[in-house]
Amino acid sequence: MQKDTKLLFGIIAVILLAFVGFSSFFVVEVGSVGVRINILSGQTQSFPQGTYFKLPVIHKVVNYDVKTQKQEINADSASKDLQAVRAKIVVNFRPVYNKVNDIHIKIGKDYFIKVIYPAIQEVSKTAISKLPVENIIVERENLRTAIEQNLRKKIEEYNITIENVNIVDIQFTAEFNRVVEEKQIEEQKVKKIQYQRMQAEEEKKRVILLAEAEAQKQKLLRDSSNQTVINLKWIEKWDGHLPKYMLGDKSHGMFMMPNEKD
């Protein structure tokens, strides 16, 4: 009986020692930073990747991902002319590697919800409110740059790096989309009318040029059609035989010669 009891206690002791042994170490994976917290004193310390010692029960460890992270956010705003605008924004960010302990103390692991999300809502509302709704699409790149720069300034004090911001979609109200579509249709009609007017002007110019050319041609013909030119052209075509014209069977014959005086 005593042997069985000793054996039982021995097994329990081995299990406890194994538990304590395994619980006395923690591993920080690649791309992470571990924060070791003393639950009695509240003291914290951060550790890069590797294996480290901790006291079972006394210490707990919180791991932070320090790789680039991506979040997509819908930001509802109003344009300068008070039109509703919804921008779908993608932000890439990461906590500063050697400032994770400060982040844990001041904000906590849910720093995105506490800090980044409200900051994006604020800076996007401010940037969009400066533009009339019709200019938002045209100024999309400038809008993205403004949101990214202002977000960086606002977040850097929290030891979080904003790598880049992208606007992946912009939506307007159905009423505004209808107005824009109608406006585009009207603009197409105006462009068509302008094109037809331009074609008519070009045709008018063409007709005038043809008329002027014909008038010039007729003038040149009139200027060149004197008697001397006519005689020369007659001589050029003459085959050397005098023309004869006979009238009746026994009437006088008549022939015509060029007028030498002419």
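Just above sits the structure.
Not measured: the values here are computed from a predicted model.

Visitor: Describe a nonpolar patch on the surface, listing the residues and the values that go with them.
Guide: A cluster of nonpolar residues, Phe 25, Phe 53 and Leu 55, forms a patch on the protein surface that exposes about 290 Å² of accessible area. A residue is classified by how much of its surface remains accessible, and Phe 53, at 43% relative accessible area, is partly exposed.

Visitor: Let's hear about the side chain of Lys 54: which residues, and what values?
Guide: Relative to the assigned elements, Lys 54 resides in the loop between strand E4 (50–53) and strand E5 (59–65). There is no salt bridge for the buried Lys 54, and the closest opposite charge comes from Glu 29, which lies 14 Å off by N-O distance. Not counting chain neighbours up to four residues away, the residues in contact with Lys 54 comprise Ser 23, Ser 24, Phe 25, Phe 26, Arg 36, His 59 and Val 61.

Visitor: Tell me about the packing of aromatic side chains, and name the residues and values.
Guide: Across all of its chains, the model carries six aromatic pairs by this definition. Ring centres 4.7 Å apart and planes at 45° place the aromatic pair Phe 47 and Tyr 52 in the tilted group. Pairing Phe 93 with Phe 112 gives two aromatic rings, centres 5.4 Å apart and planes at 20°, and the pair type is stacked. On the criterion of sequence distance, the pair formed by Phe 93 in strand E7 (residues 84–95) and Phe 112 in helix H3 (residues 111–128) is long-range, its members being 19 residues apart. In this pair, the class of Phe 93 matches that of Phe 112, namely buried. An aromatic cluster is defined as three or more aromatic residues linked by ring pairs; in this entry it consists of Phe 26, Phe 47 and Tyr 52.

Visitor: How would you sum up the sheet that holds E7? Please name residues and give values.
Guide: Taken in spatial order, the three strands make up an open sheet running E6-E7-E8, and their pairing is antiparallel. The sheet is open, and its two borders are formed by strand E6 (69–78) and strand E8 (160–172), each paired with just one other strand. Within this sheet the neighbouring strands show an average axis-to-axis angle of 25°, counted without direction. In this structure, E7 lies alongside E8, joined through eleven bridges in antiparallel fashion. Paired with Val 90 across the two strands is Asn 166, which belongs to E8. Contacts between H3 and the sheet are confined to E6, E7 and E8, with E6 contributing the most and set at about 40° to the helix.

Visitor: Just give me the short version of the pattern of salt bridges, but keep the residues and values in it.
Guide: Under the defined criterion, the tally for this structure stands at ten salt bridges. The closest approach of N and O atoms between Arg 94 and Glu 163, which form a salt bridge, is 2.9 Å. Of this pair, Arg 94 sits in strand E7 while Glu 163 sits in strand E8, and the two are 69 residues apart along the sequence. Owing to a relative accessible area of 27%, Glu 163 belongs among the partly exposed residues under this scheme. Its salt-bridge partner being Glu 203, residue Arg 206 comes within 2.7 Å of it at the nearest N-O pair.

Visitor: Account for helix H4 (residues 140–155), naming residues and giving values.
Guide: Compared with the 22 Å implied by 1.5 Å per residue over 16 residues, the 22 Å span of H4 between its first and last C-alpha is a close match. Those residues of H4 that fall on the buried side of the exposure criterion are Leu 143, Arg 144, Ile 147, Glu 148, Leu 151 and Ile 155. On an axial view of H4, the arc spanned by its buried residues comes to 130°, and they lie on one face. Set apart from the buried face of H4 by more than 90 degrees, the exposed residues are Asn 142 and Lys 153. Those residues of H4 that are buried are in contact with E7, H3 and E8.

Calculation rules
Residues numbered from 1 in each chain as written. Predicted model: local features only at pLDDT ≥ 70, side-chain atom pairs only at ≥ 80, totals over all residues. Heavy atoms only, no water. Patch = residues over 30% accessible without salt bridge, like charges linked within 9 Å, V, L, I, M, F, W, Y side chains within 5 Å. Areas by Shrake-Rupley, 256 points an atom, 1.4 Å probe, with all protein chains shown as cover. Salt bridge = Lys/Arg side-chain N within 4 Å of Asp/Glu carboxyl O. Buried < 20%, exposed > 50% of the residue type's maximum accessible area, 1.4 Å probe, protein only. Helix = DSSP H or I, 4+ residues; strand = E, 2+ residues; numbered from the N terminus. Lys, Arg positive; Asp, Glu negative; His and termini not counted. Contact = heavy atoms within 4.5 Å. Phe/Tyr/Trp six-rings, centres within 6.5 Å; stacked < 30°, edge-to-face > 60°. Pairing = 2+ DSSP bridges. Axes fitted to C-alpha atoms, helices over the stretch in contact; angles between N-to-C directions. Expected span 1.5 Å × (residues − 1). Arc of directions from axis to C-beta.

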